[in-house]
Amino acid sequence: MNWKKILSAGLALALAVTVFTGCGEKKDAAKTDAKVLKLGFDDSFPPMGFKNDAGEYTGFDIELAKAVTEDLGMELELIPINWDTKDADLDSGNVDCLWNGFTKTGREGKYAFTDPYMTNRQVIVVKKDSGLKTLADLTGKSLVLQKESTAVNALDAKAAFKDKLAEVREVPENLTAMQEVETGNIDAALLDEVVARYYLRNNPDKGLVVLDESLADEEYVVACKLGNDELAKKLDKGIKDAKESGKYDEIHKKYFNE
């Protein structure tokens, strides 16, 4: 028996196994390195996130998220969700973050947040010819707002104002709330100022106006699952980079004309 030949063949086989195993490990590692950001948003929340006439998801937050994930080397997956089930979607892992005009105010301690990247107010929208000019004028009037939105929190925080209203109605979407005012079914709508002014600017024939007085001041952030500070910090860096590069201003001008 030629032990030298057997030993040589054994070494060759071991080397081949090592090489193929190494290749497999590299392939798996490459898969692990591929990162996807599953972004949860309300697709009826213009200008932050919505479906355009071509059936594509777009908006200020969507475009900012695309710029940030591209900068971070991540793939972006857009997942429209029902806003009233957003916490369940986040907790289950259906989405990695909520990025859609998400207000930090009143939600402290419930999520891992980025730093604020935009300010907002909760404002009242009424018919132009309604004669309603101030918050005091809404005494005995009806008000509509989006379910599970920070408009609900803002209204609850103003108990004296809320108690003087004749009716408070909740609907699934902000656009529905404004349509209720347009048709005269209800006197006023409470919603995010960025949404209200974008809608009024693009629909000047609707005969709606925003009252000067606001109900609350807010800040927009990206919300990740509580404890996922690593992702929140990563996205925060991406947003700051977008501001420094001028990309943020470019997107902001496109949607807010300023």
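Caption draft 1: Main features of a negative patch on the surface. Judged by side-chain charge, D87, D91, E148 and E170 come together as a negatively charged surface patch. You can call E148 partly exposed: its relative accessible area is 41%.

Caption draft 2: Summary view of the packing of helix α2 (residues 60-72) against helix α9 (residues 247-256). Orientation of α2 relative to α9, taken along the N-to-C sense of each, is 160°, at an axis distance of 10 Å. With respect to α9, the element α2 is oriented roughly antiparallel. Of the two possible hands of crossing, α2 and α9 adopt the one that is right-handed. Contacts from F60, E63, L64 and A67 in α2 reach K247, Y248, I251, H252, K254, Y255 and F256 in α9. Across the contact of α2 with α9, the residue classes tally to 7 nonpolar, 1 polar and 3 charged.

Caption draft 3: Representation of the packing of aromatic side chains. This structure, assessed with the given rule, holds 8 aromatic pairs. Here the aromatic rings of F102 and Y111 are separated by 5.1 Å at their centres, their planes lie at 80°, and the arrangement is edge-to-face. For the residue pair F102 and Y111, the accessibility class agrees, reading buried in each case. Taken together, the aromatic side chains of W83, F102, Y111 and F113 make up a single cluster linked through ring pairs. Just above the ring of F102 sits the side chain of R107; from NZ or CZ to the centre is 4.1 Å. The ring of Y248 has K243 sitting right over it, with the charged end atom 4.8 Å from the ring centre.

Rules used throughout
Residues numbered from 1 in each chain as written. Predicted model: local features only at pLDDT ≥ 70, side-chain atom pairs only at ≥ 80, totals over all residues. Heavy atoms only, no water. Patch = residues over 30% accessible without salt bridge, like charges linked within 9 Å, V, L, I, M, F, W, Y side chains within 5 Å. Areas by Shrake-Rupley, 256 points an atom, 1.4 Å probe, with all protein chains shown as cover. Salt bridge = Lys/Arg side-chain N within 4 Å of Asp/Glu carboxyl O. Lys, Arg positive; Asp, Glu negative; His and termini not counted. Charge placed at Lys NZ, Arg CZ, Asp CG, Glu CD. Buried < 20%, exposed > 50% of the residue type's maximum accessible area, 1.4 Å probe, protein only. Axes fitted to C-alpha atoms, helices over the stretch in contact; angles between N-to-C directions. Helix = DSSP H or I, 4+ residues; strand = E, 2+ residues; numbered from the N terminus. Parallel < 35°, antiparallel > 145°, perpendicular 65-115°, else oblique. Left-handed = near helix turned anticlockwise from the far one by under 90°. Contact = heavy atoms within 4.5 Å. Nonpolar A, V, L, I, M, F, W, Y, C, P; charged D, E, K, R; others polar. Phe/Tyr/Trp six-rings, centres within 6.5 Å; stacked < 30°, edge-to-face > 60°. Lys NZ or Arg CZ within 6 Å of the ring centre and 35° of its normal.

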